[in-house]
Amino acid sequence: MFLRDELFRYNGTGKDDDSIFTDQKQFLAHMKERLPKYDGHLFVPGTVVDVQGSEVSVSQSLYTDEELTRIFDEKWDYLEEQRANRQQELRDEEATRAPVLPPDEMLAAIKEWWEPLLKKSRTIRLGVGGNVRFRIGELDMVVDFPARRSASTRGGVHLLVHDPR
């Protein structure tokens, strides 16, 4: 869940249905609509799945049915409570972060780390299969996750800096 004020509205499908994310119940409803012959199950932390041959049973060890209903069916109330109760946790986490580097240093550090990693990570490259724009402090960059390897990709990943000015 997004608990920071600037991202909060993008939980689930968003306050205005403008988010790329979904939750488990939304996904299961979509799956039931599109593929009714398949059964889906709600998995959250503490879900216990027992498979015996073709028989599958699912139970919850951390949440009651009432708690799960509240989490998913009263989503925005639940998220508001989480946001209100976890502000200190957010501040504590932010205090552990390294300072944001100047753009040239940040790009060099990211290239040194990402290029070898992504060159080896075919699954990630193919899963994204295109350009992704990142803004980190003052750095505005595009990472190219090519859908397939070609002579022009030479191993698969390019980090390009975009100057928004």
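The paragraphs below set out a description of the structure included in this document. Along each chain, residue indices are assigned from 1 in the same order as the chain's sequence is written. Totals for whole chains, interfaces and linings use all residues, but because this is a predicted model, local features are given only for residues with pLDDT of at least 70 and pairs of side-chain atoms are given and counted only at 80 or more. Computation of side-chain values covers all heavy atoms of the structure but excludes hydrogens and water.

## Notes on the overall build of the protein
Consideration 1: Each helix corresponds to a stretch of at least 4 residues labelled H or I by DSSP, and each strand to a stretch of at least 2 residues labelled E; elements are numbered beginning at the N terminus. Counting its secondary structure elements, the protein contains six helices and five strands.
Consideration 2: Ordered by position in the sequence, the α and β elements of the protein form the string α-β-β-α-α-α-α-α-β-β-β.
Consideration 3: Looking at the protein as a whole, 25% of its 165 residues qualify as buried.
Consideration 4: In this description, accessible areas are obtained by the Shrake-Rupley approach with a 1.4 Å probe, and a residue is regarded as covered only by the protein chains that are shown. A total of about 12,200 Å² of accessible surface is found on the protein, and carbon and sulfur atoms cover 53% of it. Note on classification: 1.4 Å probe, protein chains only; a residue is buried when its accessible area is under 20% of the maximum for its type, exposed when over 50%, partly exposed between these limits.

## Considerations on the side chain of Thr-47
Consideration 1: Topologically, Thr-47 is positioned in strand 1 (residues 47-52).
Consideration 2: In the analysis that follows, any N or O atom pair within 3.5 Å is treated as a polar contact, provided that within protein one partner can donate a hydrogen and the other can accept it, and provided that, for residues neighboring in sequence, both atoms belong to side chains. A distance of 2.8 Å separates a polar side-chain atom of Thr-47 from the backbone nitrogen of Val-44.
Consideration 3: One polar contact links Thr-47 to Gln-60, side chain to side chain, over a distance of 2.8 Å.
Consideration 4: The residues touching Thr-47, leaving out its near neighbours within four places in the chain, are Leu-42, Val-58, Ser-59 and Gln-60. By definition in these notes, contact holds between two residues if any of their heavy atoms fall within 4.5 Å.

## Focus: the nonpolar core
Side chains that are nonpolar tend, in soluble globular proteins, to be buried together.
Consideration 1: We call a set of buried Ala, Val, Leu, Ile, Met, Phe, Trp, Tyr and Cys residues a nonpolar core when their side-chain atoms join them within 4.5 Å. In terms of nonpolar packing, the biggest core is built from nine residues, these being Met-106, Leu-107, Ile-110, Trp-114, Leu-118, Leu-139, Met-141, Val-143 and Phe-145.
Consideration 2: Of all elements in the fold, only helix 5 (103-120) and strand 4 (139-145) reach the threshold of two or more residues within this core.
Consideration 3: The element that contributes the greatest number of residues to this core is helix 5, accounting for five residues.
Consideration 4: In this structure, Leu-42, Leu-68, Tyr-78 and Leu-79 belong to the second largest nonpolar core, which totals eight residues.

## Concerning the packing of aromatic side chains
Consideration 1: By convention, a stacked pair of Phe, Tyr or Trp rings (six-membered ring in the case of Trp) has centres within 6.5 Å and planes under 30 degrees apart, an edge-to-face pair has planes over 60 apart, and any other such pair is tilted. For the structure shown, the criterion picks out four aromatic pairs.
Consideration 2: On the basis of an interplanar angle of 50° and a centroid distance of 6.3 Å, the ring pair of Trp-113 and Trp-114 is categorised as tilted.
Consideration 3: The exposure class assigned to Trp-113 is exposed, which follows from its relative accessible area of 58%.
Consideration 4: Aromatic side chains Trp-114 and Phe-134 sit 5.3 Å apart centroid to centroid with 75° between the ring planes, which places their arrangement in the edge-to-face category. Note that Trp-114 is positioned in helix 5 and Phe-134 in strand 3 (residues 130-136), a separation of 20 residues in sequence.
Consideration 5: For Trp-114, a relative accessible area of 17% corresponds to the buried category.
Consideration 6: The partly exposed category is assigned to Phe-134, whose relative accessible area is 25%.
Consideration 7: Put simply, the rings of Trp-113, Trp-114 and Phe-134 pair up and form one aromatic cluster.
Consideration 8: Taking the ring centre of Tyr-10 as reference, the NZ or CZ of Arg-9 above it sits at 4.8 Å.
Consideration 9: One residue, Lys-15, lies across the ring of Trp-76, its end atom 4.3 Å from the ring centre. Here, a charge over a ring means that NZ of Lys or CZ of Arg falls within 6 Å of the ring centre while also lying within 35 degrees of the ring normal.

## Some thoughts on the pattern of salt bridges
A pair can form between side chains of opposite charge whenever their charged atoms are brought close.
Consideration 1: What counts as a salt bridge is simple: a side-chain nitrogen of Lys or Arg found within 4 Å of a carboxyl oxygen of Asp or Glu. According to the stated counting rule, one finds 15 salt bridges in the structure shown.
Consideration 2: Between Glu-80 and Arg-83 there is a salt bridge, and its shortest N-O distance comes to 2.8 Å. One end of the pair is Glu-80 and the other is Arg-83, both in helix 3 (residues 75-85) and three residues apart, which spans about a single turn.
Consideration 3: For Glu-80, a relative accessible area of 34% corresponds to the partly exposed category.
Consideration 4: In the salt-bridge network here, residues are joined through shared partners; they are Arg-4, Glu-93, Glu-94 and Arg-97.

Honestly, that's just the spatial picture; any functional story needs more than this.
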